[in-house]
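Summary of structural features
Listed here are the chains, written in short residue letters.
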2 protein chains.
Amino acid sequence: MAQNHGPLVYEGKAKRIYGMNEPGEVMVEFKNDATAFNAKKKSEIDGKGRLNCLLSAYFFELLESEGIQTHYRGLISDNWMVAQHVEVIPIEVVLRNIATGSLCRETPVKQGTKLKPPLLDLYFKDDALGDPLLTESRLELLDLMSSDRRAELEKLARRVNDVLSHFMQKLDLLLVDLKLELGTNQEGQLLVADEISPDTCRIWDLRIDDPRDRILDKDRFRQDLGGVAESYEEVLKRVQEVSSRPRHYN
Amino acid sequence: MAQNHGPLVYEGKAKRIYGMNEPGEVMVEFKNDATAFNAKKKSEIDGKGRLNCLLSAYFFELLESEGIQTHYRGLISDNWMVAQHVEVIPIEVVLRNIATGSLCRETPVKQGTKLKPPLLDLYFKDDALGDPLLTESRLELLDLMSSDRRAELEKLARRVNDVLSHFMQKLDLLLVDLKLELGTNQEGQLLVADEISPDTCRIWDLRIDDPRDRILDKDRFRQDLGGVAESYEEVLKRVQEVSSRPRHYN
């Protein structure tokens, strides 16, 4: 870490957030901790913090270049970034291009089904409740956002999914699904927050046919397939081949 | 049982369905079996089949009198009825007037919160999947019904809830929530099917303040409160005081 940070304001499963002298900005440290199944499964994976921080920086800059606002400001080191302080909306937005994971446990939709249009699922971010799926009516009942904001959120999430899917496709990567967290800044604008990485996206290698070997994301950890860091590294390598190094924060 | 029935066509957790000579009609036998938590908890409760059959008959006739179509044709005995054969829609429609049960486990909504308008939840009827909650998008993905049919179903379910709530209110009973199953007959009309009973409705006694003692429904079984049949009997008693005996099928 290259700069002094303020007090720890939040520690999550994969990141620590610190205050900064600059009001309205925070410093984000990406940890090597790996968790799955609502933190019932835990481990530490060397290099994961660096990989997820770098990949997030690349993906946030990609989104920016497409006119999509994110909380990202710039890197400080390979596993630290500066981000705009946002009011996080306590909802996980999941976009699914291919059916797998919980969708296939919770519906009769078959593993590998192409979802056109991509399926959007909203989950209430609450570890104690196990991040439950929200219907539109439950979302309304919880009074978490207006219906206009919901429409805006859905439109934004779908654009992020389109931009990332298209980019990955060119790298022979398939974006299977994607979890986004969104927040609002002081001006009330909706921004993509949190991280975008193989912890939050399912990514399959289109150069590999074997359904286990092609997995380049956190499912390697969930399913004990090994080679977690190596897979994330493979994604980073392909991204780096076509992108310029993310900017340094100053 | 007063009449010969045809072959068993379906056995569920609480009922057996038999064919009849009359095509388009079935005979429904209400069993004393009690199950909860997706049949992880099982027991037998003397008299439950009779109570649920009679109460369903009363409630179906009440709905009919309000112009709502149901599959019910008439009683054969206290625990057997004849019903129209319907194509069951594999969805459980839950209307909630007061927050309790799974809603309070799956959201931060507090126990006892009045839900205005009543909250409508749709669950996919599938024991192996644990009857998962359906969002509108997942419902669309599963292609179980058109959006027109969905709107019709919602309107019908809300009317059933209104009619039953209003009726129960007059008996000093509070309809807390209600699970409906719907089906279509050969003409494609949407009908209320299955049963309407303290197995499928949560009902609280408005004459009693104690939050455990006032429960007159399957929660007595779920929560091991005892007096299951006595509670169902109390509901039946109040219904009988204001209703004429359900018709006999012939």
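See the structure above.
Reference entry: report on the structure contained in this document. (Residues numbered from 1 in each chain as written. Chains lettered and ligands numbered in written order. Predicted model: local features only at pLDDT ≥ 70, side-chain atom pairs only at ≥ 80, totals over all residues. Heavy atoms only, no water.)

1. Here we look at the side chain of A:Asp205
Residues and elements named next belong to chain A. Mapped onto the secondary structure, Asp205 falls in strand 13 (residues 201-205). By relative accessible area, which is 5% here, Asp205 ends up buried. A polar side-chain atom of Asp205 sits 2.6 Å from a polar atom in the side chain of Arg238. (Helix = DSSP H or I, 4+ residues; strand = E, 2+ residues; numbered from the N terminus. Buried < 20%, exposed > 50% of the residue type's maximum accessible area, 1.4 Å probe, protein only. Polar contact = N/O pair within 3.5 Å; in protein donor to acceptor, adjacent residues only side chain to side chain.)

2. Describing helix 1 (residues 48-65) of chain B
Taking 1.5 Å per residue, 18 residues should reach 26 Å; helix 1 of chain B reaches 26 Å between its end C-alpha atoms and fits that length. B:Gly67 occupies a position one or two residues after helix 1 of chain B and carries a positive phi of about 80°. (Expected span 1.5 Å × (residues − 1).)

3. As for a negative patch on the surface
Taken together, the side chains of A:Glu136, A:Glu140, B:Glu136 and B:Glu140 present a region of like negative charge at the surface. Those elements that place two or more of their residues in the negative patch are helix 3 (136-142) of chain A together with helix 3 (136-142) of chain B. Relative to the assigned elements, A:Glu136 resides in helix 3. Given a relative accessible area of 35%, A:Glu136 falls into the partly exposed group. (Patch = residues over 30% accessible without salt bridge, like charges linked within 9 Å, V, L, I, M, F, W, Y side chains within 5 Å. Areas by Shrake-Rupley, 256 points an atom, 1.4 Å probe, with all protein chains shown as cover. Salt bridge = Lys/Arg side-chain N within 4 Å of Asp/Glu carboxyl O. Lys, Arg positive; Asp, Glu negative; His and termini not counted. Charge placed at Lys NZ, Arg CZ, Asp CG, Glu CD.)

4. Observations regarding the interface of chain B and chain A
Listed as interface residues are 23 residues of chain B and, on the opposing side, 23 residues of chain A. Between chain B and chain A, a total of about 1900 Å² is buried, with carbon and sulfur atoms accounting for 68% of that surface. It is B:Leu129, B:Arg138 and B:Leu141 in chain B that bury the most area against chain A; as a group they hold 29% of the surface buried on that side. Linking chain B with chain A are 4 salt bridges, by the criterion used here. Residues B:Asp121 and A:Arg138 are paired through a salt bridge, measuring 2.7 Å at the closest nitrogen-oxygen approach. Scanning the region where chain B abuts chain A turns up 6 residue pairs in polar contact (both at pLDDT 80 or more). Among the elements that take part in the side of chain B that touches chain A, strand 9 (residues 114-124) of chain B stands out by supplying 6 residues, more than any other. (Contact = heavy atoms within 4.5 Å. Buried area = accessible area lost by both parts, 1.4 Å probe.)

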